[in-house]
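Topology and contacts: notes
Take a look at the letters that make up each chain.
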Amino acid sequence: MIDFGFTVSPSSRINLDEVDKKSFVALSKIEPDVVKCMACGSCSASCTVSQFQPTSVRKAILSLQNGQISQAMDFLKHCMLCGKCTMVCPRGINTRHLIISIQKIYGK
Amino acid sequence: MTNILSVTLQAVTPEGIIDRYPNSYNHFVLPFVIGISFILVYLLIGLVRVLYHLSGEDRIKLLKSLFNPKTALKNLKDIFCDCLLHTKIWKRKPLLGYMHSAIAFGWFMLIVLGHLEVYIFAPRHLEGISEGSLYYPIFYRFFIWINPAHETLRGTVFFFLMDFFLLYVLSGIALAMFKRVRSIALGMRHTTKPSLADRVALYSLWAIFPLRLLAEGFTADLSGGSFLTKPVNWLFKAFFGNELNFMPTWWAYSICLGLFFLAMPFSRYMHILTEPVLILFRNAGLKVRKPRKGFAEAEIYACSSCGLCIDACPMNTQKKNLKYSSVYFIRFLRRHNNKKINEIAEKCLMCGKCAALCPVGVNSPDIRRVQRETINNSVGYDYSYLKDYSDKAAAELSDKPRKSGKVLYFAGCMTHLTPMIIKSVEKVLKAADVEFEFMDKDSGICCGRPLMLAGKTEAARKTIEANKKIIEQSGCSILLLSCPICLKVFKEEYNLENIEILHYTQYIDRLAKEGKLILEKKEGSLVYHDPCELGRGCGIYDEPRNVLSGIGELKKAQKERDESICCGYSLGSLTLDEKDRSKIAESSVANLMANAPDKIITACPMCYKAIRSKADVPVLDFAEIISSSISGLKQNS
């Protein structure tokens, strides 16, 4: 291959038609709060783990909505469920239960 | 009928007491014999099952505790106080205590005295099953005839005692009937809805003692009676003029007893027999390991379904949440209704109030935690980053000079959300001239308690290991905590040797007592909120109150100490939503404001945030108010 001095990034296009929405519906049944998120990022700002690993409930929810399941799981797998995000969430989302529910539904 | 007559006719006998039935058997004892045999066999099988499901280690623990004189004495005391006298209920609700002890202790005394009577007057009938030892002492008054000419004082004393305790039981039964109609009169706002088996057992229990009175009343002229049965006897004689109702009442009495025993294993009344077993297990120090087997099974069957936990539960502010009370959780566990079990297990705030108030001492939050474990323990996680962190933090701390009496302060996640608490603790420690290391100054990792509460026990062990390493490397001798949630897990799971684990309320109390911290009394009236994990969880009630009463006038909340109401934001609940939580917070604040204090003080960063959002008066953290009350500095000698 000829070296052009640069590379092309793989496509980051998401085809939402191909995303399986069933799991998300199941999730919003178990934890209806998931649709309340307004992506303010208070959870990420207060997160105990985020100083060690990229962890964010906000990003996880966005990734789920985009169908990027494994990325969402990566944002949560380091979580210690300390509950700080629940305390700071302006929408009163039950983040701890949301995190466990996501891990249970998508982790299979 | 003919039997009775034949006996009364051959009354000319030199003995004081004779068997009216030479073979001492009558068909009417059958229902009772069937019932009692069934319950004894059921109990035996159940006991073997429970023991079988205990782990080997637990069984050895149990065996050792039975032969340890100290625990054996405690066992005896607990069984007598809790199963018979019901001192726990007496203390909180005297009328309810009277009702329960009347039925339990009264019935127990009737059985004991009945056996004693037989032992003294007709010992032959205690010798074996063939002699009727199973039923004879129960129906003693039916089988004997006592010659009035030979009636001894000893016999009369027994007649009196039997009647006395029968009256005692009857008064309890009357109260119990009244309670069904108006439970609030006995101090209970809500009671449980009885199941079918409960109803069968309940109504037969109610019938047993009035029927006993009637039955013994009919025979009082033959077999002796006292102030209760004798008048009944005269009344019947005058009313009926014959002995025709003699047998039916004894049959009814026996049938009710049999029915009660047959319904018992499927009803709430199983607690009568299982509570002593639970006491033995608890005093042996056993813990719940499986949600439905072993120790948990003993707890499930020991639940008396009394419903005191319904009133206790902080979720009872909303009627729709009454169904999440411990009593229903245990009922569903008993019925193996998995869907409901999980729903209730995940809803609970784990504040522990139901366990604290439970007259039987069933620790249902523990069962819930283990139940959560069965679902959530397998949820995946990746904590590989913990090792790097703990290595680094341990190295940093171990570089610092080691001194005896070194204090290590761990703030924890929640305290980092309220930096004011950290600043206040630092200020107080500085004022008292205490040198300390700050373990998680730049925010550390979680203590593991939230993971434990969520049922991810295995994951919690990972964070516990990481923290433990740092603490042990630091060479501290006191670990100071400002979050009760951390305190509980540090005390229970960390097994830190030679390190004293203290909450800041305890430490400040100590500093004040030692004179290292002089506090000024300049505050107005204060009320102290007992955080669940600190009070019921770790038993710390007095230390914060000691200190607070030194800086202001301490007012009482409506319910406090082990009856305090959870702030609603406990990490214990997994599924409770924001709306319900804020309702609980409101009721918690209303409870604190009962005596209109100027300020509310709490000692938990979570309670602080929750109460602050609902209260109209200033809410301060314990450390915050102490730091503003320091007057002179040290007085070190």
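Residues numbered from 1 in each chain as written. Chains lettered and ligands numbered in written order. Predicted model: local features only at pLDDT ≥ 70, side-chain atom pairs only at ≥ 80, totals over all residues.

**Comments concerning the sheet that holds strand β7 (residues 525–529) of chain B**
Residue and element names in this part refer to chain B.
- Taken in spatial order, the four strands of this open sheet run β8-β7-β9-β10, and their pairing is parallel. Looking at which strands have only one partner, the edges of the open sheet turn out to be β8 (553–555) and β10 (619–621). Within this sheet the neighbouring strands show an average axis-to-axis angle of 40 degrees, counted without direction.
- As paired strands, strand β9 (residues 599–602) and β10 are joined by three bridges and run parallel to one another. In the sheet register, Ile 601 faces β10, and the bridge partner there is Leu 620. (Pairing = 2+ DSSP bridges. Helix = DSSP H or I, 4+ residues; strand = E, 2+ residues; numbered from the N terminus. Axes fitted to C-alpha atoms, helices over the stretch in contact; angles between N-to-C directions.)

**Some remarks on helix α19 (residues 364–376) of chain B**
All names here are of chain B.
- Taking 1.5 Å as the rise per residue, α19 with 13 residues should run 18 Å; its terminal C-alpha atoms sit 18 Å apart, in good agreement.
- Burial runs high along α19: 10 of the 13 residues are buried.
- All of the buried residues along α19 are Ser 364, Pro 365, Ile 367, Arg 368, Arg 369, Val 370, Gln 371, Arg 372, Glu 373 and Asn 376. (Expected span 1.5 Å × (residues − 1). Buried ≥ 20, exposed ≤ 12 C-beta atoms within 10 Å, placed from the backbone.)

**Some thoughts on the sheet that holds strand β3 (residues 407–410) of chain B**
All names here are of chain B.
- Taken in spatial order, the four strands make up an open sheet running β4-β3-β5-β6, and their pairing is parallel. Pairing within the sheet leaves two strands with one partner each, and these edge strands are β4 (436–438) and β6 (500–503). Adjacent strand axes in the sheet meet at a mean angle of 25 degrees, parallel and antiparallel pairs treated alike.
- Here four bridges tie β3 to strand β5 (residues 478–481), and the two strands are oriented parallel to one another. Along β5, the bridge assignment pairs Tyr 409 with Leu 480.

**Looking at the pairing of β6 of chain B**
Residue and element names in this part refer to chain B.
- Here β5 runs beside β6; their pairing, made up of four bridges, is parallel. Bridging across to β6, Leu 480 finds its partner in Leu 502.
- The β-α-β motif built from β5, the intervening helix α25 (residues 484–493) and the parallel element β6 has right-handed crossover chirality. (Right-handed = clockwise from strand over helix to strand, strands pointing away.)

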